[in-house]
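# Observations on the model geometry
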Amino acid sequence: AAEPWPENAVLYQQLKEEQILLSDNASSLAVQAFLQMCNLPIRVVCRANAEYMSPSGKVPFIHVGNQVVSELGPIVQFVKAKGHSLSDGLDEVQKAEMKAYMELVNNMLLTAELYLQWCDDVTVEEITHPRYGSPYPWPLNHILSYQKQWEVRRKMKAIGWAGKTLEQVLEDVDQCCQALSQRLGTQLYFFNKQPTELDALVFGHLFTILTTQLTTDELSEKVKNYSNLTAFCRRIEQQYFEGHDRDSSATVAARSAKRSLLR
Amino acid sequence: MAAPMELSCWGGDWGLPSLHPESLTVMAYAKFSGAPLTVNTINKSWRAPKGDVPVLISADIVISQPAKILNFLRKQKYNADYELSAKQGADTLAYIALLEEKLLPALLHTFWVEAENYRSVTKPWFASRIPFPLSLYLPGKMSREALNRILLTRGGPPPYSLTEVEAQIYRDAKECLNLLSKRLGTSQFFFGDTPTTLDAFVFGFLAPIYKVCFPRVQLQEHLKQLPNLCHFCDDILTCYFRLTVADSALIISLQMDDSLRKSPQHPPRKLTTLKLAAGGEESSPWNRLSP
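Small disclaimer: the values here were computed from a predicted structure and weren't measured.

Residue and element names in this part refer to chain A. Together, Glu167, Glu171, Asp217, Glu218 and Glu221 make up a region of like negative charge exposed at the surface. Along the chain, glutamate 171 turns up in helix H7 (residues 166–184). Given a relative accessible area of 56%, glutamate 171 falls into the exposed group.

The structure is reproduced here in structure tokens:
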């Protein structure tokens, strides 16, 4: 933890063009946005088995020096231990609020994305199944896909989302976006003038929802209803992903996130 | 007038109206918003809990999850949140998500998974309130569901270590309690002087941890180090839940209070009026009037 951030830090995720799914792309973009906001260089590498390489089974994960850390929460703490933090300027109550809103995004948006990908039959058949196992030969691609679906459905059942219909899930997404929109108001970022990890997380999810084409547009329509959220996404994209070097990996990631998930 | 509403939920002990966090949340919200709810605690009769508890029954409508029940109450104009701004409403959602993600796993663990607690307190208590053949099966099922939920939402891929998961969820829960305490600060409720939905949820989650006597109590000990949260629970218990009065005269005086409210929205009950009513209980001459 005492070493400075090396130049060759790497972020691993699944294959951008063919394999990665909505929820994983959102998480990965959130981490990339966070690292950009901290001004820490990172290179994105795509591997088909990224999920299995990760210590916790979730993507994305970063390989820094000789340590491997996955998921936004632990990565934020790891980066803080190295001396970079975006939320130091917040007081205790604001920190509590920030954590609460991050949980809201995880609880509602991420779960809704997972539900849409794995529990909505149309989406599963047309998008998820073909994409998830695409780097693998038959029959492995089917087996992996069904296994993951079974796992996600078990989790949905345990938290009580299995009984929800798609309309109810979309309503929850709407409620979550409304809460985020009201919290953001007319400010530039969620906490005044400086972006924090909450901004990175919200950006990751909303940008991915807005730019991914699914079987229907209902999910992105819910987000588009809130103009301050779309303006927020555009602002962060311009500031952190296009303002830098044209060849930087982050720009390429954002651009291909835009294109590759369009069918 | 709205159809009479009945709430079916788990009963209480150790000074609490209910041991079950979700039932407690709904009961607290009903008290805050002034909704007239008849509470039926589940006992040994054959109307055993078949689905989720708590369940609200009003005329022909049956509603089961706390969020949906609260929505229904709001539609019936029992709204504890109407004085909140939009941002405060957004904060409510965020904090409820925080409670569910960070505090609920540890709460479930303390009640249902921790072996000593489960064997000596939870299982006998719940089994004594469920009719015979089900009492052998249902507590075990609830325990398995709780463990399942914790592992699926918090455990990593196998091989994972259960003790590590447990350590992590208790760390998260303690952090959550600290955050709540900082957010509450010195005020009486989370948003000013009147209790709202968020207060109902926080009370529902905290009160069981605070009051139930378990052999293994690390979460309770941590909670007791946060005095503002303890006062929060105690205040709500004394002001909103001790009013289980059999005194008909006192009930009449409370009903007169209700009918004087002209607005269609029933405003949330303010603490002061209840204190006066409760204070009058001991010393007033009403006590000597027999029905």
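Moving on, there is more to tell.
Between chain B and chain A, the contact holds 24 residues from the first and 22 residues from the second. When the two sides are added together, the surface that chain B and chain A hide from each other amounts to roughly 2100 Å², 63% of it contributed by carbon and sulfur. On the chain B side of the interface with chain A, the three residues burying the most area are Leu93, Leu152 and Lys182 of chain B, jointly 23% of the side's total. Here lysine 102 of chain B and glutamate 103 of chain A are joined by a salt bridge, their closest N and O atoms 3.6 Å apart. The tally of links between chain B and chain A comes to six residue pairs in polar contact (both at pLDDT 80 or more). Residue assignment for the side of chain B that touches chain A shows that the elements contributing at least two residues are helix H3 (86–113), helix H5 (132–154) and helix H6 (162–184) of chain B. Sorting elements by how many residues they give to the side of chain B that touches chain A places H3 of chain B first, with twelve residues. Residues belonging to the side of chain B that touches chain A are distributed by class as follows: ten nonpolar, four polar and ten charged.

All names here are of chain B. Ordered by their spatial adjacency, four strands build an open sheet running S2-S1-S3-S4, and the pairing between neighbours is mixed. With partners counted over all chains shown, the strands left at the sheet margins are strand S2 (37–41) and strand S4 (61–63), one partner each. Ignoring which end each strand starts from, the neighbouring axes of this sheet average 20 degrees apart. Two elements, strand S1 (residues 5–9) and strand S3 (residues 55–58), share four bridges in a ladder whose sense is antiparallel. Along S3, the bridge assignment pairs methionine 5 with serine 58. Sitting on the sheet, helix H1 (residues 21–33) touches S1 and S2, and the angle it makes with S1 is about 150 degrees.

Here we come to the pairing of S3 of chain B. Residue and element names in this part refer to chain B. Relative to S4, S3 is paired through three bridges, and the arrangement is antiparallel. For leucine 56, the partnering residue across the bridge sits in S4 and is isoleucine 63. Linking two consecutive strands that pair antiparallel, namely S3 and S4, is a turn of two residues; a positive phi of about 55 degrees is found at alanine 59 within it.

Let's shift gears to the nonpolar core. Residues Trp5 and Ile62 of chain A together with Phe203 of chain B are the most contacted members of the largest nonpolar core, which totals 165 residues. Sequence-distant contacts of tryptophan 5 of chain A, defined by excluding residues within four places in its chain, comprise Leu35, Leu40, Pro41, Ile42, Ile62, Val64, Phe78, Val79 and Lys82 of chain A. Counting residues in hydrophobic clusters, the runner-up holds six residues, among them Val10, Ala50, Val59 and Phe61 of chain A.

Now for the UniProt feature "domain: Metaxin glutathione S-transferase" (unreviewed entry) in chain A. Under the UniProt annotation, "domain: Metaxin glutathione S-transferase" (unreviewed entry) lies at residues 174–236 of chain A. Helix and strand shares over residues 174–236 of chain A are 68% and 0% respectively, and the end C-alpha atoms of the span are 22 Å apart.

All names here are of chain B. Residues Phe132, Leu136 and Tyr137 make up a contiguous nonpolar surface patch of roughly 380 Å² in combined accessible area. Along the chain, tyrosine 137 falls in helix H5. A relative accessible area of 44% means that tyrosine 137 is categorised as partly exposed.

The next subject is helix H3 (residues 72–81) of chain A. All names here are of chain A. Looking at H3, one finds that the buried residues are Leu72, Ile75, Val76, Phe78 and Val79. Buried positions in H3, seen along its axis, are confined to an arc of 165 degrees and lie on one side of it. Tucked inside the fold, the buried residues of H3 contact helix H1 (22–37), strand S3 (61–64), strand S4 (67–70), helix H4 (92–118) and helix H8 (197–211). Once H3 finishes, glycine 83 follows within two positions and takes phi at roughly 105 degrees, a positive value.

Quick look at unusual backbone geometry now. The omega torsion across valine 59 of chain A and proline 60 of chain A is 0 degrees, close enough to zero to call that bond cis. By secondary structure assignment, the location of proline 60 of chain A is in the loop between helix H2 (50–53) and S3. Cis geometry is adopted by the peptide bond preceding proline 139 of chain A, which originates at tryptophan 138 of chain A and carries an omega value of 0 degrees. Mapped onto the fold, proline 139 of chain A is located in the loop between helix H5 (121–132) and helix H6 (140–159). With a phi close to 55 degrees, tryptophan 14 of chain B is a non-glycine residue in the positive phi region. Along the chain, the position of tryptophan 14 of chain B falls in the loop between S1 and H1.

A separate point is the sheet that holds strand S1 (residues 10–13) of chain A. Residues and elements named next belong to chain A. Within the open sheet, the four strands sit side by side as S2-S1-S3-S4. Their pairing is mixed. If you trace the sheet from one side to the other, it starts and ends with strand S2 (43–46) and S4, each paired once. This sheet shows a mean twist of 25 degrees between the axes of neighbouring strands, independent of strand direction. Contacts from H1 reach S1, S2 and S3, with the element oriented near 165 degrees to S1.

Let us look at the environment of asparagine 228 of chain B. All names here are of chain B. On the secondary structure map, asparagine 228 appears in helix H9 (residues 227–240). Through-space distance from the C-alpha of asparagine 228 to that of glutamine 188 is 8.6 Å; in sequence the pair is 40 residues apart. Residues contacting asparagine 228, with those up to four places away along its chain left out, are Ser181, Leu184 and Gly185. Of the polar contacts made by the side chain of asparagine 228, one reaches the backbone oxygen of glycine 185; its length is 2.8 Å.

This part takes up the packing of H4 of chain A against H3 of chain B. It is the contact of H4 of chain A with H3 of chain B, at a shortest axis distance of 7 Å, that shows an interaxial angle of 75 degrees. In terms of orientation, H4 of chain A and H3 of chain B fall into the roughly perpendicular class. Here H4 of chain A contributes Val93, Ala96, Glu97, Lys99, Ala100, Tyr101, Glu103, Leu104 and Asn107 of chain A to the contact with H3 of chain B, which in turn contributes Lys87, Ala90, Asp91, Leu93, Ala94, Tyr95, Ala97, Leu98, Glu100, Glu101 and Lys102 of chain B.

Attention now goes to the pairing of S1 of chain A. Residue and element names in this part refer to chain A. Because side chains alternate across S1, one face comprises the buried residues Val10 and Tyr12, and the other comprises Leu11 and Gln13, equally buried. With four bridges joining them, S1 and S2 adopt parallel strand pairing. Counted as the bridge partner of valine 10 is arginine 43 from S2. With H1 bridging S1 and the parallel S2, this β-α-β connection has right-handed handedness.

Thresholds, definitions, all that
Residues numbered from 1 in each chain as written. Chains lettered and ligands numbered in written order. Predicted model: local features only at pLDDT ≥ 70, side-chain atom pairs only at ≥ 80, totals over all residues. Heavy atoms only, no water. Patch = residues over 30% accessible without salt bridge, like charges linked within 9 Å, V, L, I, M, F, W, Y side chains within 5 Å. Areas by Shrake-Rupley, 256 points an atom, 1.4 Å probe, with all protein chains shown as cover. Salt bridge = Lys/Arg side-chain N within 4 Å of Asp/Glu carboxyl O. Lys, Arg positive; Asp, Glu negative; His and termini not counted. Charge placed at Lys NZ, Arg CZ, Asp CG, Glu CD. Helix = DSSP H or I, 4+ residues; strand = E, 2+ residues; numbered from the N terminus. Buried < 20%, exposed > 50% of the residue type's maximum accessible area, 1.4 Å probe, protein only. Contact = heavy atoms within 4.5 Å. Buried area = accessible area lost by both parts, 1.4 Å probe. Polar contact = N/O pair within 3.5 Å; in protein donor to acceptor, adjacent residues only side chain to side chain. Nonpolar A, V, L, I, M, F, W, Y, C, P; charged D, E, K, R; others polar. Pairing = 2+ DSSP bridges. Axes fitted to C-alpha atoms, helices over the stretch in contact; angles between N-to-C directions. Core = buried A, V, L, I, M, F, W, Y, C linked by side-chain atoms within 4.5 Å. UniProt positions renumbered as here; feature names shortened; annotations may be inferred. Arc of directions from axis to C-beta. Parallel < 35°, antiparallel > 145°, perpendicular 65-115°, else oblique. Right-handed = clockwise from strand over helix to strand, strands pointing away.

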